[in-house]
Amino acid sequence: MASIAIRGASILDGLGNSPVDGDVVVEDGRIVSVGPSGVAADQEIDAAGATLSPGFIDTHSHDDGAFLRYPDMTFKLAQGVTTVVAGNCGFSAIPASGGSEDMDASGGILAGAAGEFTDLDGYFAAVEARRPAINNMMLVGHNTVRSLTMGLERRAPSPSELSTMRDHVARALDQGACGFSSGLIYRPGRWSETDEVAALTEEAGKRDALYTTHMRNEGDLLLEAVDEALAIAAAGNAHLHISHHKSAGPANWGRISESLAKVDAALAAGRRVTLDVYPYTAGSGRMIEYFNLDAPSRELAEVIRIASCPAFRQYEGRMLKDIAADEGVDIVEMVKRVLTAPKGDRTICIQFIIDEADVETNLLHADMMVGSDGIPDLKGKPHPRLFGTFPKILGHYVRERGLMSLPEAVRRMTSLSAATFGMASRGQVREGYWADLVLFDPATVVDRATYDDPKRQPDGIDLVMVNGTVAFKQGEHQHAGSGAMLRYRQSG
Ligand code: ZN
Ligand code: CU
């Protein structure tokens, strides 16, 4: 395979060290030399002083189905993202029954190619056949495992059901999943007791893998939910990773510090705990999960914006309160109208529930990674985090706000994520490591995606390399198809 040299770059190693000027040479997918070098190469790229860092790692994605539907993964690649973790919030493409009903449990978030696979090996083969642009590391999800085993039953599993669930989790981990994820606000996870989740987390613990969680509560009962997450990870002897850490609702703004204090206490006691956050003040998800249809919350309805809605495409991109006003309908009635329409349960909404000061407090924590939590439903007006998360960190929080140094921000988006999620030989610019690289201009890099126009590509990302092949250059996708399916702690 031809060698490529990127010359004259300001190189960030991903470990948080200051940049060093020099060249990086790659061959056969890996970095073969870093630093001032006379090493000749078949192809030369002039970095012209731009910053070269490890490719960014999106620790919180819902891209399981996107790898099948949109293998170009442009919305991630154009941000400089070379690897994602999928299977979050308890929803994973695997295990699957091979029938089409599996995907219903996730409300279409994971919609992919049902029937092609049942386990991680099969899913990876199906994705590889489509030549994906970026790398994928998978979690196995509790909600998926539970609904496959016992449907949407609102009860504890029988001993034999629990053992079937355990087998599903174990099989996925043995095939290379990096951990077990839960989404305890969602159906059916919300009907599980702590013991059930802890028992399944043991499978992750036995393999020194992760327990990642969308906690049972991110609002009034946030602190109790952190206690439960810590208890589950302790019982299962697993590394705890708290997903999209937030304190939702104005009444709870500011309490993020109390939650982080619990994390710090656990770290001080020798526990392994990490977190991720998305850099926005709105969340997004399947709307039906947030409302009790018997008594929808008016307060929440007021801050809802419709992202995608197969039942009413004309509502996409609009605040629910504006739609209700236009139609002369009470907003609570409007919630019911949207959710009870045919396919109404597939509505994805955006909810403005987070305080900007909490986002910054989160970002200041040394064990805080970045995860987009983007939902790749490209038909409507998705949350802009899908297209803008990583450039927003670099442009807004690092350059404009000066919240942290560039090397530190890059560390949290590369080496820390790779080490935590077991991406062997990735996340650093280092000889022998896989050549997942991004060349960007720290002075101009910026997200362009907004709530009104969410699918705009960022500026300032000059070049992205995935496994040693140029995948994206000057705003253009190269259709290299060089992404790999990653297995926990295996270098491949
Ligand atoms: Zn979640
Ligand atoms: Cu999520």
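Residues numbered from 1 in each chain as written. Chains lettered and ligands numbered in written order. Predicted model: local features only at pLDDT ≥ 70, side-chain atom pairs only at ≥ 80, totals over all residues. Heavy atoms only, no water.

## Brief notes about the sheet that holds strand 14 (residues 304–308)
Ordered in space as 13-15-14, the 3 strands form an open sheet in which the pairing is antiparallel. Two strands in the sheet have a free side with no partner beyond their single neighbour: strand 13 (282–286) and strand 14. Pairs of neighbouring strands in the sheet enclose a mean axial angle of 30°, with direction left out of account. Two strands pair when backbone bridges link them, and strand 13 and strand 15 (residues 348–352) are joined in this way by 5 bridges, in the antiparallel orientation. Bridge assignment links R286 to a residue of strand 15, and that residue is I348. (Pairing = 2+ DSSP bridges. Helix = DSSP H or I, 4+ residues; strand = E, 2+ residues; numbered from the N terminus. Axes fitted to C-alpha atoms, helices over the stretch in contact; angles between N-to-C directions.)

## Overview of the coordination of the zinc ion (ligand 1)
Note on metal sites: the ideal angle is 109.5 degrees for four tetrahedral donors, and 90 or 180 degrees for six octahedral donors. Within the protein, C89 (SG), H214 (ND1) and H244 (NE2) serve as the donor atoms for the zinc ion (ligand 1), at 2.0 to 2.2 Å. Within one chain, the residues serving as donors to the zinc ion (ligand 1) are arranged as C-x124-H-x29-H. (Donors = N, O, S within 2.8 Å, 3.2 Å for Na, K, Ca; no water.)

## Let's talk about the pairing of strand 1 (residues 4–11)
The side chains of a regular strand alternate, first on one face of the sheet and then on the other. Of all 8 residues in strand 1, 7 are buried; the element is thus mostly enclosed. Pairing between strand 1 and strand 4 (residues 43–46): 4 bridges, direction parallel. Note on strand 4: the bridge partner recorded for I6 is I45. Pairing of strand 1 with strand 5 (residues 51–54) involves 2 bridges; the strand directions are parallel. Across the sheet, the residue bridging to S10 is T51, located in strand 5. (Buried < 20%, exposed > 50% of the residue type's maximum accessible area, 1.4 Å probe, protein only.)

## Things to note about the coordination of the copper ion (ligand 2)
With distances of 2.1 to 2.3 Å, the protein atoms coordinating the copper ion (ligand 2) are H60 (NE2), H62 (NE2), C89 (SG) and D373 (OD). One can describe the site at the copper ion (ligand 2) as irregular: its 4 donor atoms subtend angles covering 82 to 164° at the metal. Mapping the donors of the copper ion (ligand 2) onto the primary sequence yields the spacing H-x1-H-x26-C-x283-D. Taken as a pair, the copper ion (ligand 2) and the zinc ion (ligand 1) show a spacing of 2.9 Å, with C89 coordinating each metal. Here D373 lies in the loop between strand 16 (368–370) and helix 13 (385–400) and H62 lies in the loop between strand 6 (56–58) and helix 1 (66–69), a separation of 311 residues in the sequence. The exposure classification of H62 matches that of D373, with both residues buried. (Tetrahedral: all angles 85-135°; square planar, octahedral: opposite > 155°, others 65-115°.)

## Here's the deal with the domain arrangement of the protein
Domain assignment breaks the protein into domain 1 (55–282 + 353–425) and domain 2 (289–348). In this structure, domain 1 and domain 2 have C-alpha centres spaced 26 Å apart. Carbon and sulfur atoms make up 52% of the surface buried where domain 1 meets domain 2, a total of about 1100 Å² over both sides. Across the domain 1-domain 2 interface, the total number found is 2 salt bridges. R187 serves as the salt-bridge partner of E289, at 3.6 Å between the closest nitrogen and oxygen. Put simply, domain 1 and domain 2 have 4 residue pairs in polar contact (both at pLDDT 80 or more) between them. Of the residues belonging to the side of domain 1 that touches domain 2, the class tally is 7 nonpolar, 3 polar and 6 charged. (Domains from an automatic or database assignment. Buried area = accessible area lost by both parts, 1.4 Å probe. Salt bridge = Lys/Arg side-chain N within 4 Å of Asp/Glu carboxyl O. Polar contact = N/O pair within 3.5 Å; in protein donor to acceptor, adjacent residues only side chain to side chain. Nonpolar A, V, L, I, M, F, W, Y, C, P; charged D, E, K, R; others polar.)

## Things to note about the packing of aromatic side chains
All told, the structure shown has 10 aromatic pairs when counted by the stated rule. With a centroid separation of 5.3 Å and an interplanar angle of 70°, the aromatic rings of F117 and Y123 are classed as edge-to-face. No difference in accessibility class separates F117 from Y123, as the two residues are buried. Each member of the aromatic cluster is reached from another via a ring pair, and the members are F56, F390 and F440. Residue placement shows R30 over the ring face of W434; its charged tip is 4.1 Å from the ring centre. (Phe/Tyr/Trp six-rings, centres within 6.5 Å; stacked < 30°, edge-to-face > 60°. Lys NZ or Arg CZ within 6 Å of the ring centre and 35° of its normal.)

## Some points on the pairing of strand 3 (residues 30–35)
Here strand 2 (residues 20–27) runs beside strand 3; their pairing, made up of 5 bridges, is antiparallel. Each bridged residue has a counterpart across the sheet, and for E27 the counterpart in strand 3 is R30. Between the antiparallel neighbours strand 2 and strand 3 lie 2 residues, among them D28 with a positive phi of about 50°.

## Remarks on helix 4 (residues 142–150)
Every α-helical turn comprises 3.6 residues, leaving residues that sit three or four positions apart pointing alike. Within helix 4, 7 of the 9 residues are buried, which leaves the element mostly enclosed by the surrounding structure. Structurally, helix 4 contributes buried residues whose contacts are with strand 8 (135–141), helix 5 (159–174), strand 9 (179–183) and helix 6 (194–206). One or two positions beyond helix 4, positive phi appears at G151, with a value near 60°. (Contact = heavy atoms within 4.5 Å.)

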